[in-house]
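# Tertiary structure, described
So you can see what is in the structure, the chains are spelled out below.
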Amino acid sequence: MTPQRPRPWLMLGLSTLGQSASSAAVNGPAFLIPALHHGGLSLATAGLIAAAAIAGSTCTLVLWGAVVDASGERFVLVSSLASSALALAAAAWFHESTVLLGVFLFLAGAASAGTSSASGRVVVGWFPPRRRGTAMGIRQMAQPIGVGLAAIAIPVMADLHGIGAALAVPAAFAAVTALACWAWVLDPARPPRPADVAAENPYRNSTYLTRIHAVSILLVIPQFTVWTFMLVWLQVGRDWSPGAAGALVAAAQVLGAVGRIGAGHLSDVVGSRTRPLRWVAVAAGLTMLAVGVTIRLDWSVAVPLIMLATMITVADNGLAFTAVAERAGPFWSGRALGLQNTGQYLTATAVPPLIGLLIPLWGYGVAFGLTGLFPLLAAPLVPRDEADLDT
């Protein structure tokens, strides 16, 4: 058993790397909004192009989850990342056509969606329950890491070398990560498959998973508002350079990564995924309201507050993801995690164009502040009948 001991941490590192590449592919196009807007597109249209990859992911999350349940984690990680790299390369090549750019970004998102369920299943399968929250928190660092790397590279590359060069960055990241997963990822062991998998449906006789899905949908609204428009607000609203704005967004994403680990560890300590989830919802709502007020009043404290909001609004993801995987079990968690992400991505797809419409009408302060209402609505929906962490 001694040679096996480092293996869970290697699997955690690879799953985190894979999800980082997927996050850069799906969320990176948001950092093209200033370049697209400067090139003549309206803010709403640029937001729509930026949301194309998110829309693509939304369409295939459940399908990829079913593939994970049937074929295993390694197969999905490699095929998902490799096909995403190809679609991003095509988007880079055909970026001068707005239609083709949107189409290939959509395909890149559709391809990369498999990484979410597969990488989450790797962590759940390789770590015991009492260490799983912390491990999943580390894995959930992948999303802000991927967004942070994209925030540093994409706006600067777009400013210096154009949109095609900027998209080559996440394409290369996905390709290299696919090779690493092919070389070293191992599927976790599973218990014997029950004769009637359908009878194990975790959605029967319980609203636990449905309520977690609903809570996550509400919490993703402020998260994607900040992710999508923080960079634009810094450049347009506060007159920052692309490099400086990108660096601050990347620093905020580092805080987000730390917040996810902290929330996951807290869930291990208190023996609950849902209590910390409720606390995060309340904190996210109050912070976004404060961000909106301070931007509206043009106070400089809005900058550190929006960085704090970046940390808090992502802290729920690992908690909800772990709760869903634990309750759904090894033969349903792929599909359940696919449904979890589908709801979030459907909502996230609508956020950029809708907030892009609100900002010219009411300003950044009102648009950001309004999103703080959704976490406050989510808090009472968090279920109290928690999964047993000892099983």
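We now turn to the structure provided with this report. (Residues numbered from 1 in each chain as written. Predicted model: local features only at pLDDT ≥ 70, side-chain atom pairs only at ≥ 80, totals over all residues. Heavy atoms only, no water.)

Looking now at the packing of aromatic side chains. The relation between two aromatic rings is expressed through the spacing of the ring centres and the mutual angle of the planes. Applying the stated criterion across every chain, the model contains three aromatic pairs. Look at Phe94 and Phe104: their rings are 5.6 Å apart centre to centre, the planes differ by 15 degrees, and that puts the pair in the stacked class. Taken together, the residues span a long stretch of sequence, with Phe94 in the loop between helix H5 (73-93) and helix H6 (98-112) and Phe104 in helix H6 at a distance of ten residues. Judged by centre distance (6.0 Å) and plane angle (85 degrees), the rings of Tyr364 and Phe368 are edge-to-face. (Phe/Tyr/Trp six-rings, centres within 6.5 Å; stacked < 30°, edge-to-face > 60°. Helix = DSSP H or I, 4+ residues; strand = E, 2+ residues; numbered from the N terminus.)

The next subject is the packing of helix H13 (residues 274-296) against helix H14 (residues 302-312). H14 packs onto H13 with a crossing angle of 155 degrees between their chain directions and a minimal axis gap of 9 Å. What the angle tells us is that H13 and H14 run roughly antiparallel. H13 and H14 meet at a crossing whose hand is left-handed. On the side of H13, the interface is formed by Val280, Ala283, Ala284, Thr287, Met288, Ala290, Val291, Thr294 and Ile295, while H14 contributes Ala302, Leu305, Ile306, Leu308, Ala309 and Ile312. When its residues are assigned to classes, the contact of H13 with H14 shows 13 nonpolar, two polar and no charged. (Axes fitted to C-alpha atoms, helices over the stretch in contact; angles between N-to-C directions. Parallel < 35°, antiparallel > 145°, perpendicular 65-115°, else oblique. Left-handed = near helix turned anticlockwise from the far one by under 90°. Contact = heavy atoms within 4.5 Å. Nonpolar A, V, L, I, M, F, W, Y, C, P; charged D, E, K, R; others polar.)

What follows covers the side chain of Ser119. Along the chain, the position of Ser119 falls in helix H7 (residues 114-126). For Ser119, a relative accessible area of 0% gives the class buried. Within polar-contact distance, the side chain of Ser119 engages the side chain of Arg139 at 2.7 Å. In this view, Ser119 contacts Ser15, Gln19, Leu77 and Arg139; residues no more than four positions away in its chain are not counted. (Buried < 20%, exposed > 50% of the residue type's maximum accessible area, 1.4 Å probe, protein only. Polar contact = N/O pair within 3.5 Å; in protein donor to acceptor, adjacent residues only side chain to side chain.)

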